[in-house]
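Single-letter residue listing:
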Amino acid sequence: MHSTDLTRGRYQWSAFDWWPPVGWWPLPARDLTSPEAATRSATFVLAPRAESVHAARSFASGSLFAWGMRDLAEDMELVISELATNALRHGLVFDPRDVRRSAIEPIRMSIIRRDSLVTCAFADPGSAAPVMRDPSPLEPGGMGLHIVESMSLCWGWNPLLPSGKVVWAVLKS
């Protein structure tokens, strides 16, 4: 699937129902692997709580171990920490009438293996594009996407229609 397919309405997923379709791979990473390569995937729904970041890391590590890709676990955990934190911080949409601040739609994480490459993808209901910032030396935070960029072969995002987005990163074992 191409990102233009999303914007032209060919695939109209929302963050609520997006799961990677069979064979999904980010368009900018298509030349990194063969389209005929066998694909494996695992998915996880993050609760709107800080401890979900740890749960996402553990889920990804367990999946990578099951796939015989232990060498990738440490780097993947770091990337997942950053992307999960960003999704929880910037991607949740809350019902303004709910005093408990329940998220309207969940955040979904998928990891997709193709040969020696693994993509981690986070679908969230927020519509704001991820922005790489250059924080001042005394500012806490703001380096997450720099970490993702340094640890991955490539990363990016795709809009979901009518709202939401998928932020993804590709790592190599």
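Residues numbered from 1 in each chain as written. Predicted model: local features only at pLDDT ≥ 70, side-chain atom pairs only at ≥ 80, totals over all residues. Heavy atoms only, no water.

Describe helix α2 (residues 52–66), listing the residues and the values that go with them.
Under the 1.5 Å per step criterion, the end-to-end length of α2 is 21 Å for 15 residues, consistent within 8% with the ideal 21 Å. Of all the residues in α2, the buried ones are S52, V53, A56, A60, S61, S63 and L64. Looking at the buried positions of α2, the neighbouring elements they touch are β1 (39–46), α3 (73–90), β2 (107–114) and β3 (117–124). Just past α2, the residue G68 takes up positive phi, approximately 75 degrees. (Helix = DSSP H or I, 4+ residues; strand = E, 2+ residues; numbered from the N terminus. Expected span 1.5 Å × (residues − 1). Buried < 20%, exposed > 50% of the residue type's maximum accessible area, 1.4 Å probe, protein only. Contact = heavy atoms within 4.5 Å.)

Talk me through the nonpolar core; I want residue IDs and the actual numbers.
Among the nonpolar cores identified, the biggest contains 29 residues, and M76, I80 and L83 are the most heavily contacted of them. Secondary structure elements with two or more residues in this core: β1, α2, α3, β2, β3, α4 (144–151) and β5 (165–172). Here M76 is in contact with A60, L64, V118, C120 and L171, once residues within four sequence places are set aside. Among the nonpolar cores identified, the runner-up in size contains 12 residues, and I112, A121, A123 and L160 belong to it. (Core = buried A, V, L, I, M, F, W, Y, C linked by side-chain atoms within 4.5 Å.)

Can you break down the pairing of β3 residue by residue, with the values?
Consecutive residues of a regular strand have side chains that alternate between opposite faces of the sheet. Across the 8 residues of β3, 8 count as buried, placing the element largely inside the fold. Bridging between β2 and β3 involves 7 bridges; their strand directions are antiparallel. Within β3, the residue paired with I112 across the bridge is T119. Connecting β2 to the next strand, β3, in antiparallel fashion are 2 residues, including D115 with a positive phi near 55 degrees. (Pairing = 2+ DSSP bridges.)

Tell me what's going on with the sheet that holds β5, and back it up with residues and numbers.
Where strands meet in a sheet, backbone hydrogen bonds hold them as pairs that are either parallel or antiparallel. Taking strand neighbours across the sheet as the criterion, the 5 strands line up as β1-β2-β3-β5-β4 in an open arrangement whose pairing is antiparallel. In this open sheet, the two edge strands, each paired with only one partner strand, are β1 and β4 (154–159). The average angle at which neighbouring strand axes cross in this sheet is 15 degrees, direction not considered. Inspection of the sheet shows β4 paired to β5 by 6 bridges, in the antiparallel sense. Paired with C154 across the bridge in β5 is V170. Contacting β1, β2 and β3, α2 crosses the sheet at an angle of about 160 degrees to β1. Seen against the sheet, α3 touches β1, β2, β3 and β5 and runs at an angle of roughly 15 degrees to β3. (Axes fitted to C-alpha atoms, helices over the stretch in contact; angles between N-to-C directions.)

How would you explain the pattern of salt bridges if you had to name every residue and give the values?
By the definition in use, this model includes 2 salt bridges. Here E51 makes a salt bridge to R49, at a shortest N to O gap of 2.9 Å. A salt bridge links K165 to D124; its shortest N-O distance comes to 2.8 Å. Of this pair, K165 sits in strand β5 while D124 sits in strand β3; the two residues are 41 residues apart in sequence, bridging distant segments of the chain. In this pair, the class of K165 matches that of D124, namely buried. (Salt bridge = Lys/Arg side-chain N within 4 Å of Asp/Glu carboxyl O.)

Run through α4, naming residues and quoting values.
For α4, the complete set of buried residues consists of G144, L145 and V148. Along the long axis of α4, the arc covered by the buried residues comes to 90 degrees, so they all point the same way. (Arc of directions from axis to C-beta.)

Tell me about the packing of α3 against α4, and name the residues and values.
In contact at an axis separation of 9 Å, α3 and α4 are set at 150 degrees when each is read in the N-to-C sense. One finds that α3 runs roughly antiparallel with respect to α4. Once α3 is placed against α4, the crossing between them reads as left-handed. Touching D75, L78, V79, E82, L83 and N86 of α3 are G144, L145, I147, V148 and M151, all from α4. Taken together, the residues of the contact of α3 with α4 break down into 7 nonpolar, 2 polar and 2 charged. (Parallel < 35°, antiparallel > 145°, perpendicular 65-115°, else oblique. Left-handed = near helix turned anticlockwise from the far one by under 90°. Nonpolar A, V, L, I, M, F, W, Y, C, P; charged D, E, K, R; others polar.)

Residue-level account of the environment of T33, with values.
By secondary structure assignment, the location of T33 is in the loop between α1 (3–7) and β1. In this view, T33 contacts W25, R114, D115 and L117; residues no more than four positions away in its chain are not counted. One polar contact links T33 to D115, side chain to side chain, over a distance of 2.9 Å. (Polar contact = N/O pair within 3.5 Å; in protein donor to acceptor, adjacent residues only side chain to side chain.)

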